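Secondary and tertiary structure notes
Residue-level listing of the chains:
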Amino acid sequence: KNTQKLFNDMKNKNIIPGLKEEPLLGSFFCNHYIDFWIEEENYDLNKNIYLPEKYFYILYPFYSNGDLLDYLEKLEKKPNNTFTPEFYWDIIFEMIMGVKYFHELGYLHLDIKPTNFLVDENGYIKLTDFGLCHKISEIPFLTDIIEGDFTYISKELFNFNSHRILNTKTDIFSLGLSILEIVGKIILPASGESWIELRSGNFEIKEKLFNNSYIKDKKEDFIKLITKMIAPINERPDLNQLINDFEELKNRYISLKNHVYKKAGVI
């Protein structure tokens with residue numbers, strides 16, 4: 001049911017009202033359905049009859065570079081590659097814009113993680129996998145909610161059934177952890193004391209977390225960005241605030257708005 005709603009929204013509502021039919025800016029950074037359909041019959045070979053079962057099929061574009069983690073691993077194996085800060089800011093900006101577009105359509109993703117971003121043939125990032133999404137307007141009326149990947153799940157989503165605090169900033173927490181994993185080149189905990197500490201509200205991201213990172217300087221802004229994204233939900237900024245707070249993001253957003261955006265960190 002959610003998938004059908006989302007399909008219709010992505011096909012028909014990719015417009016900001018009152019802005020001369022201008023498409024939502026983040027549309028390019030989201031994986032769109034090509035089509036979906038239902039097949040209602042299934043042939044039972046044993047009984048030699050057709051059974052009235054329904055199967056739901058979704059047709060997506062094919063992205064030869066796979067998901068974001070696979071893509072980065074492939075780049076690491078190539079000789080003479082330089083993972084510059086600009087390269088990572090490109091990735092972060094495109095991830096943010098994909099999630100921003102999804103929120104502007106009126107949905108929470110609820111399963112943000114690096115493997116749910118695909119990479120097209122030109123290296124552009126596309127948000128995908130909408131199986132856990134929910135309409136933002138329907139969140140207050142849910143009696144239950146499906147939890148996402150525990151490695152990236154926010155504290156408020158984990159405690160939804162008891163506290164019922166949920167909004168678009170829930171996706172921002174998971175996005176922040178995804179960025180930490182990618183930029184810091186670390187393995188995030190799926191449980192245990194470290195998992196709790198990341199969600200404690202006072203976790204301090206120190207430079208030593210970036211010991212394995214390709215970024216050897218200019219780490220401060222990355223640390224500041226991630227710190228803001230994984231703060232408690234009442235302190236966590238929304239995506240518009242993040243874009244305005246960081247020049248690297250703001251400049252890319254202006255370029256995209258003026259239809260001149262291109263990757264700064266080319267590999």
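Summary of the structure given here. (Residues numbered from 1 in each chain as written. Predicted model: local features only at pLDDT ≥ 70, side-chain atom pairs only at ≥ 80, totals over all residues. Heavy atoms only, no water.)

1. Examining the overall build of the protein chain
Put simply, the test is: Runs of E in the DSSP output that reach at least two residues are strands. Runs of H or I that reach at least four are helices, and both are numbered from the N terminus. Under the scheme applied here, a residue whose accessible area is under 20% of the maximum for its type counts as buried, over 50% as exposed, and between as partly exposed, the area being computed with a 1.4 Å probe on protein chains only. Surface exposure here means Shrake-Rupley accessible area, sampled with a 1.4 Å probe, where a residue is shielded only by the protein chains that are shown.
Secondary structure assignment for the protein chain yields 10 helices and eight strands. Buried residues in the protein chain amount to 48% of all 267 residues. With the model as given, the accessible surface of the protein chain reaches about 14400 Å², and the carbon-plus-sulfur share is 50%.

2. Re the nonpolar core
Test applied: We call a set of buried residues a nonpolar core when its members are Ala, Val, Leu, Ile, Met, Phe, Trp, Tyr or Cys and they connect through side-chain atoms within 4.5 Å of each other. The criterion used for residue contact is that any of the two residues' heavy atoms lie within 4.5 Å.
Ranked by internal contacts, the top residues of the largest apolar core, which has 63 residues, are Leu 68, Ile 92, Phe 117, Phe 130, Leu 175 and Leu 225. For this core, the element with the most residues is helix H3 (residues 85-104), which contributes 12 residues. Beyond its immediate chain neighbours, meaning those up to four positions away, Leu 68 contacts Ile 91, Met 95, Pro 114, Phe 117, Val 119, Ile 125 and Ile 182. Ranked by size, the runner-up nonpolar core spans eight residues in total, among them Leu 132, Ile 153, Leu 157 and Trp 195.

3. Points about the side chain of Lys 113
Put simply, the test is: Residues adjacent in sequence count toward polar contacts only when both atoms are side-chain atoms; beyond that, a polar contact is any pair of N or O atoms within 3.5 Å, and within protein one must be able to donate a hydrogen and the other to accept it.
Topologically, Lys 113 is positioned in the loop between strand E5 (107-108) and strand E6 (117-119). When its relative accessible area of 14% is taken as the criterion, Lys 113 is described as buried. At 3.2 Å, the side chain of Lys 113 forms a polar contact with the side chain of Asp 149. Other than its neighbours up to four places away in sequence, Lys 113 contacts Asp 149, Tyr 152 and Ser 178.

4. Thoughts on the packing of H3 against helix H6 (residues 169-184)
In a pair of packed helices, the angle between the axes and the distance between the axes together describe the arrangement. For clarity, the threshold we go by: Note on geometry: axes are C-alpha line fits, over the in-contact stretch for helices, and angles between N-to-C directions span 0 to 180 degrees. In what follows, roughly perpendicular refers to angles from 65 to 115 degrees, roughly parallel to angles under 35, roughly antiparallel to angles over 145, and oblique to any angle outside these ranges. Each helix crossing is assigned a hand: it is left-handed if the near helix lies turned anticlockwise from the far helix by less than a right angle, otherwise right-handed if that turn is clockwise. Three classes are used: nonpolar for Ala, Val, Leu, Ile, Met, Phe, Trp, Tyr, Cys and Pro, charged for Asp, Glu, Lys and Arg, and polar for all others, with Gly counted as polar.
At a minimum axis distance of 11 Å, the contact between H3 and H6 shows a crossing angle of 160°. Taken together, the axes of H3 and H6 lie roughly antiparallel to each other. Classified by chirality, the crossing of H6 by H3 is right-handed. Along the contact surface, H3 presents Tyr 88, Ile 92, Met 95, Ile 96, Val 99 and His 103, while H6 presents Asp 171, Leu 175, Ser 178, Ile 179, Ile 182 and Val 183. The class makeup of the residues in the contact of H3 with H6 is nine nonpolar, two polar and one charged.

5. Here's the deal with helix H10 (residues 247-257)
For the record, the criterion: Note: the arc covers the axis-to-C-beta directions of the helix.
Restricting attention to buried positions, one finds in H10 the residues Leu 249, Arg 252 and Leu 256. End-on view of H10: buried residues confined to an arc of 70°, all on one side of the axis. Residues of H10 that are buried make contact with H3, helix H8 (220-229) and helix H9 (239-245). Just downstream of H10 lies His 259, where phi reads positive at about 65°.

6. Describing the packing of helix H2 (residues 68-76) against H3
At their nearest, the axes of H2 and H3 sit 14 Å apart, and the two run at 165° to each other. What the angle tells us is that H2 and H3 run roughly antiparallel. Here H2 runs over H3; the crossing is right-handed. Each of Leu 68, Leu 72 and Leu 75 in H2 lies in contact with H3, whose residues at this interface are Phe 87, Ile 91 and Met 95. Residue composition of the contact of H2 with H3, by class: six nonpolar, no polar and no charged.

Scope: geometric values only; no functional claims are made or implied.
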